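Observations on the model geometry
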Amino acid sequence: MSELPLLAKKLDEADELAPLRDRFVLDEVVYLDGNSLGALPAHVPDRVADVVRRQWGELRIRSWEESGWWTAPERIGDRIAPLVGAAPGQIVVGDSTSVNVFKALVAAIRMADDSRDELLVDATTFPTDGYIAESAARLTGRTLRPVTPAEVPGALGDRTAAVLLNHVDYRTGRLHDLPALTAAIHACGALAVWDLCHSAGALPVGLDEHGVDLAVGCTYKYLNGGPGSPAYLYVRSALQDRFDSPLPGWNSHAEPFGMSPAYTPAAGALRGRVGTPDILSLLALEAALDVWDGVSVTAVRAKSLALTDFFLRCVGEYTEPGRVECVTPEAHTERGSQIALRCPDAGEVMKRLIARGVVGDFRHPDVLRFGFTPLYTGFRDAERAARALGEELA
């Protein structure tokens, strides 16, 4: 009989982050899809009910001031900032990731010299980033050049205006070298734009430390903000005076209630705002971020690596040799917080796993993805998932 179940129990008992599990609404399902949609923090429903019943239902229009609705985008941005290594005043929350990618890319191109007529984009990117990059290039008269992150240093030159990269590859879970790539981009005089959707809340990012120019990310994965929760935009403080948004709106005007026909941008990261904030989703996200109180991202990263290491050990013991291929890098420096396994019948295998209470997801054509959210995923979850996988593949 395998020793892994007993080992998993011991690892859970020694886990300093294990008590955080009580901050979430969970059941007997092994939930390994937090890299698509995070679990519900237990206190959020009551907080949202207060927003609906009291702030909206009783205070109504007064809540823009009395309940802090108006300042929510930047206030919540400052809550996210420590999780991605940013000082206050550089992140604004609102709109979708796609919209924020568009803002960031066009603004980056506008900050570049006119002679820089090329935009580089991660060829392995999530499709929307590619669609937005193509549109931004077409809109600004630049040439779009898809390259893999490994090819970026060799592709950079005096024609490069900006580079859009993913910190973690959504299919494979590969972690790209943000410090080195950002330094290479800056060395050629271009701007670096990073998509943090699959890294924020799972591992240290270090936006300020590494001089990232612009960054975007969603909040419904490892930040547990809820389905469709608003995304965020980071604009490095040194660039904020030059940030020229392609989507100027009344909410980013220096005098939003002046109703001037001429646009004058607000100071700072507020330039990233556009229209009226989506208050219900924003305040649900703000409540969800409370689960991070007292939590170290460094500790989260340590547990993430331990969980994924242990899961791979369990998969190795429970599955027949050669039945699955791990496409996530083994090296910790190259691994995000998910494990991607390739097998020919991945779609059907995942359906069977979900039916028996192990929830991951499938990516076309043959990839099983298992996301590990250290705030609520334990080692017994990892062992149970691997054992179920082995039984389904047998």
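Residues numbered from 1 in each chain as written. Predicted model: local features only at pLDDT ≥ 70, side-chain atom pairs only at ≥ 80, totals over all residues. Heavy atoms only, no water.

**A closer look at the domain arrangement of the chain**
Domain boundaries in the chain define domain 1 (4-17 + 295-393) and domain 2 (49-291). On a C-alpha basis, the centres of domain 1 and domain 2 stand 30 Å from each other. Of the residues lining the interface, 23 residues belong to domain 1; the matching set on domain 2 comes to 17 residues. For the pairing of domain 1 and domain 2, the buried interface totals around 1600 Å² over both sides, and the portion due to carbon and sulfur atoms is 57%. Among the residues of domain 1 in contact with domain 2, Val297, Arg301 and Gln338 are the three that bury the most area, contributing 27% of the side total. Taken together, the connections running from domain 1 to domain 2 amount to one salt bridge. Between Arg174 and Glu334 there is a salt bridge whose closest N-O contact spans 3.1 Å. (Domains from an automatic or database assignment. Contact = heavy atoms within 4.5 Å. Buried area = accessible area lost by both parts, 1.4 Å probe. Salt bridge = Lys/Arg side-chain N within 4 Å of Asp/Glu carboxyl O.)

**Here's the deal with the packing of aromatic side chains**
Each aromatic ring pair is summarised here by two numbers: the centre-to-centre distance and the angle between the ring planes. Summed over the entire model, instances satisfying the criterion amount to 10 aromatic pairs. Where Trp64 meets Trp70, the ring centres are 6.2 Å apart and the plane angle is 65 degrees; that geometry is what we call edge-to-face. Exposure remark for Trp70: the relative accessible area of 22% places this residue in the partly exposed category. When the ring of Trp70 is compared with that of Trp250, the centres are 5.5 Å apart and the planes differ by 50 degrees; the resulting orientation is tilted. Taken as a pair, Trp70 in the loop between helix 3 (63-66) and helix 4 (72-80) and Trp250 in the loop between strand 8 (232-235) and helix 9 (279-288) lie far apart in primary sequence, 180 residues in all. Members of the aromatic cluster, joined through ring pairs, are Trp64, Trp69, Trp70, Trp250 and Phe257. Across from the ring centre of Trp70, 4.9 Å away, lies the NZ or CZ of Arg273, which sits over that ring. (Phe/Tyr/Trp six-rings, centres within 6.5 Å; stacked < 30°, edge-to-face > 60°. Buried < 20%, exposed > 50% of the residue type's maximum accessible area, 1.4 Å probe, protein only. Helix = DSSP H or I, 4+ residues; strand = E, 2+ residues; numbered from the N terminus. Lys NZ or Arg CZ within 6 Å of the ring centre and 35° of its normal.)

**Concerning the UniProt feature "modified residue: N6-(pyridoxal phosphate)lysine" (unreviewed entry) in the chain**
In this numbering, the UniProt entry assigns the feature "modified residue: N6-(pyridoxal phosphate)lysine" (unreviewed entry) to Lys221. Mapped onto the fold, Lys221 is located in the loop between strand 7 (214-217) and strand 8. With relative accessibility at 10%, the residue Lys221 sits in the buried group. The contact partners of Lys221, leaving out residues within four places of it in the chain, are Gly34, Asn35, Ser36, Gly38, Cys197 and His198. Engagement of the side chain of Lys221 in a polar contact is seen with the backbone oxygen of Asn35, the distance being 3.3 Å. (UniProt positions renumbered as here; feature names shortened; annotations may be inferred. Polar contact = N/O pair within 3.5 Å; in protein donor to acceptor, adjacent residues only side chain to side chain.)

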